[in-house]
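# Per-entry structural report
Chain by chain, the residues:
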Amino acid sequence: MKSIVTLNDIERMKDALRASLPDVKSSHRVEALARGLGWTTNASMRAALATAPAGTAPDEGAFQDYLRQHSFDAPGGTLLRALAQAGLRKAMDLAPELSSFGYRVTRGRSETAEEAEARFLENRDEMLGKHGVEEFIRAAEFLSKFGRRKSMNRKRSSYGLKHDAEREAGDYVANGMLIAAALALGFSAERTHAGSPNAYFNISFKGAA
């Protein structure tokens, strides 16, 4: 899963790794993180990201190798999930009206304002759950093969793309998780129309693998 990371993303990944690997020394977690993201040390990673964000793809093997060299172990996919959680939090900050369903929509006639808000918050909380993170990863892996263009591409919406991602992955991807992955990867997004949960992106399908 390719991603663009910043120093802020690194801090979020450190939080995720602290929660998933509480028995690993902090210094080993951050050094393993640096190796897993393609740097030789934590210091070189931070120096590079202090200058500008960088594109990276997680190397689970390098991450695990560093931990094993220091007598620690981690479940498979730990680095990938930490990167996904950081990307998700970034997307949620960029789009406070986004939930797993998509962008917030007008409440139904049978709903009270309180019920609509509770439903939205429940769907938003789902984004950071186990299934949400897995859907985000599937969506990001699908979107990573596409480029960007200057203008919005209105030929295919997030809802259509989420079905494409499902067919490729062979598993479910929620509309909101597809939008979140696009935002985390640096795509621009706008609603397809006022009140819609769906989005268009500045995505280019030319030259995609």
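Details of the structure are given in the entry above.
Definitions and limits used
- Residues numbered from 1 in each chain as written.
- Predicted model: local features only at pLDDT ≥ 70, side-chain atom pairs only at ≥ 80, totals over all residues.
- Heavy atoms only, no water.
- Helix = DSSP H or I, 4+ residues; strand = E, 2+ residues; numbered from the N terminus.
- Rg over C-alpha atoms; globule rule 2.2 N^0.38 Å.
- Contact = heavy atoms within 4.5 Å.
- Areas by Shrake-Rupley, 256 points an atom, 1.4 Å probe, with all protein chains shown as cover.
- Lys, Arg positive; Asp, Glu negative; His and termini not counted.
- Charge placed at Lys NZ, Arg CZ, Asp CG, Glu CD.
- Salt bridge = Lys/Arg side-chain N within 4 Å of Asp/Glu carboxyl O.
- Phe/Tyr/Trp six-rings, centres within 6.5 Å; stacked < 30°, edge-to-face > 60°.
- Buried < 20%, exposed > 50% of the residue type's maximum accessible area, 1.4 Å probe, protein only.
- Lys NZ or Arg CZ within 6 Å of the ring centre and 35° of its normal.
- Pairing = 2+ DSSP bridges.

Before going further, it helps to spend a moment on the overall build of the chain. Per the secondary structure count, the chain includes 9 helices and 7 strands. For 209 residues, the compact-globule estimate of 2.2 N^0.38 gives 17 Å, and the chain sits close to it at 18 Å. Based on the C-alpha atoms only, the size of the chain along its principal axes is roughly 60 × 40 × 35 Å. Contacts spanning at least 24 positions in sequence make up 68% of the contacts within the chain whose residues lie at least 6 apart. Just so you have it, the chain exposes about 10,400 Å², and 51% of that area is on carbon and sulfur atoms. Side chains of the chain give 30 positive and 26 negative charges; the mean places of these two sets differ by 7 Å.

Attention now moves to the pattern of salt bridges. Under the defined criterion, the tally for this structure stands at 18 salt bridges. Two residues, Arg46 and Glu11, come together in a salt bridge whose shortest N-O distance is 3.1 Å. Residue Arg46 is found in helix 3 (residues 42-51), and its partner Glu11 is found in helix 1 (residues 7-20); the two are separated by 35 residues along the sequence. When salt bridges with common partners are traced through the structure, they connect Asp9, Arg12, Lys90 and Asp93 into a single cluster.

This part covers the packing of aromatic side chains. Overall, the coordinates contain 2 aromatic pairs when judged by the stated rule. On the numbers, 5.2 Å between centres and 75° between planes, the contact of Phe142 with Phe146 is edge-to-face. Note on accessibility: Phe142 and Phe146 belong to one class, buried. Consider the rings of Phe146 and Phe205, whose centres lie 5.2 Å apart with planes at 90°: the pair is edge-to-face. One end of the pair, Phe146, is in the loop between helix 7 (130-143) and strand 5 (147-153); the other, Phe205, is in the segment after strand 7 (199-204), and 59 residues separate them in sequence. Among the aromatic side chains, those forming a connected cluster through ring pairs are Phe142, Phe146 and Phe205. Above the face of the Phe120 ring, Arg104 is positioned so that its terminal group lies 3.7 Å from the ring centre.

All right, on to the pairing of strand 7 then. When you tally the buried positions in strand 7, you get 6 out of 6 residues, the bulk of the element. Both faces of strand 7 are covered, namely the face carrying Ala199, Phe201 and Ile203 and the face carrying Tyr200, Asn202 and Ser204. As judged from the 3 bridges shared by strand 6 (residues 189-191) and strand 7, these two strands associate in the antiparallel manner. Its bridge partner lying in strand 7, Glu190 is registered against Tyr200.

Distances and angles like these do not, on their own, reveal function.
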